[in-house]
Amino acid sequence: MTYEDLKPKVTTILNQKDVDIYLKLTSVCELLQNHVDSYDWVGFYFKNGDKQELILKAFAGEPTDHTVIP
């Protein structure tokens, strides 16, 4: 599947009403992991408030020890 084919699928996932944002992001991660051959892990990290670190909020693939990145 090409990136262009994936764009409308990602848009559909993100535009779902009444679905938690982290569930949406996990669905996007799963879509990318399953349809992009070079991806075996996909995740979203977010800045943790005022701290100088990133927190893993959604992912697809093997669990990682890297849930917090300074």
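Let me sum up the structure you'll find in this document.

**Let's talk about the pattern of salt bridges**
Per the stated rule, a full pass over the model turns up one salt bridge. A salt bridge links E4 to K7; its shortest N-O distance comes to 3.1 Å. Taken together, the positions of E4 and K7, both in helix α1 (residues 3-14) and three residues apart, correspond to about one turn of that helix. Using a relative accessible area of 48% as the deciding quantity, one classes K7 as partly exposed.

**Considering the packing of α1 against helix α2 (residues 21-35)**
Between α1 and α2, whose axes approach to 9 Å, the crossing angle comes to 160°. Looking at the two axes, α1 sits roughly antiparallel to α2. Along this stretch, α1 crosses α2, giving a crossing that reads as right-handed. Here L6, K9, V10, I13 and L14 of α1 lie close against α2, whose contacting residues are K24, L25, S27, V28, L31, L32 and H35. Looking at the contact of α1 with α2 residue by residue, the class counts come to eight nonpolar, two polar and two charged.

**Some words on α2**
Across its 15 residues, α2 extends 21 Å between first and last C-alpha, which sits within 8% of the 21 Å expected from 1.5 Å per residue. Along α2, the residues classified as buried are K24, L25, T26, V28, C29, L31 and L32. In the core, the buried residues of α2 are packed alongside α1, β1 (42-47) and β2 (54-60).

**What to know about a nonpolar patch on the surface**
Together, I21, Y22 and F46 line one region of the surface with nonpolar side chains, adding up to about 260 Å² of accessible area. Position of I21 among the secondary structure elements: in helix α2.

**Concerning the pairing of β1**
Bridge count for β1 against β2 is six bridges, and the pairing is antiparallel. For F46, the partnering residue across the bridge sits in β2 and is I55.

**Re α1**
Each turn of an α-helix holds 3.6 residues, which means side chains three or four residues apart point in the same direction. The first and last C-alpha atoms of α1 sit 16 Å apart over twelve residues, in line with the 16 Å expected at 1.5 Å per residue. Along α1, the residues classified as buried are L6, V10 and I13. Looking straight down α1, one finds its buried side chains confined to an arc of 55°; they lie on one side. Turned more than 90 degrees off the buried face of α1, the exposed positions are E4 and T12. Tucked into the core, α1 has its buried residues touching α2.

The rules behind the values
Residues numbered from 1 in each chain as written. Predicted model: local features only at pLDDT ≥ 70, side-chain atom pairs only at ≥ 80, totals over all residues. Heavy atoms only, no water. Salt bridge = Lys/Arg side-chain N within 4 Å of Asp/Glu carboxyl O. Helix = DSSP H or I, 4+ residues; strand = E, 2+ residues; numbered from the N terminus. Buried < 20%, exposed > 50% of the residue type's maximum accessible area, 1.4 Å probe, protein only. Axes fitted to C-alpha atoms, helices over the stretch in contact; angles between N-to-C directions. Parallel < 35°, antiparallel > 145°, perpendicular 65-115°, else oblique. Left-handed = near helix turned anticlockwise from the far one by under 90°. Contact = heavy atoms within 4.5 Å. Nonpolar A, V, L, I, M, F, W, Y, C, P; charged D, E, K, R; others polar. Expected span 1.5 Å × (residues − 1). Patch = residues over 30% accessible without salt bridge, like charges linked within 9 Å, V, L, I, M, F, W, Y side chains within 5 Å. Areas by Shrake-Rupley, 256 points an atom, 1.4 Å probe, with all protein chains shown as cover. Pairing = 2+ DSSP bridges. Arc of directions from axis to C-beta.

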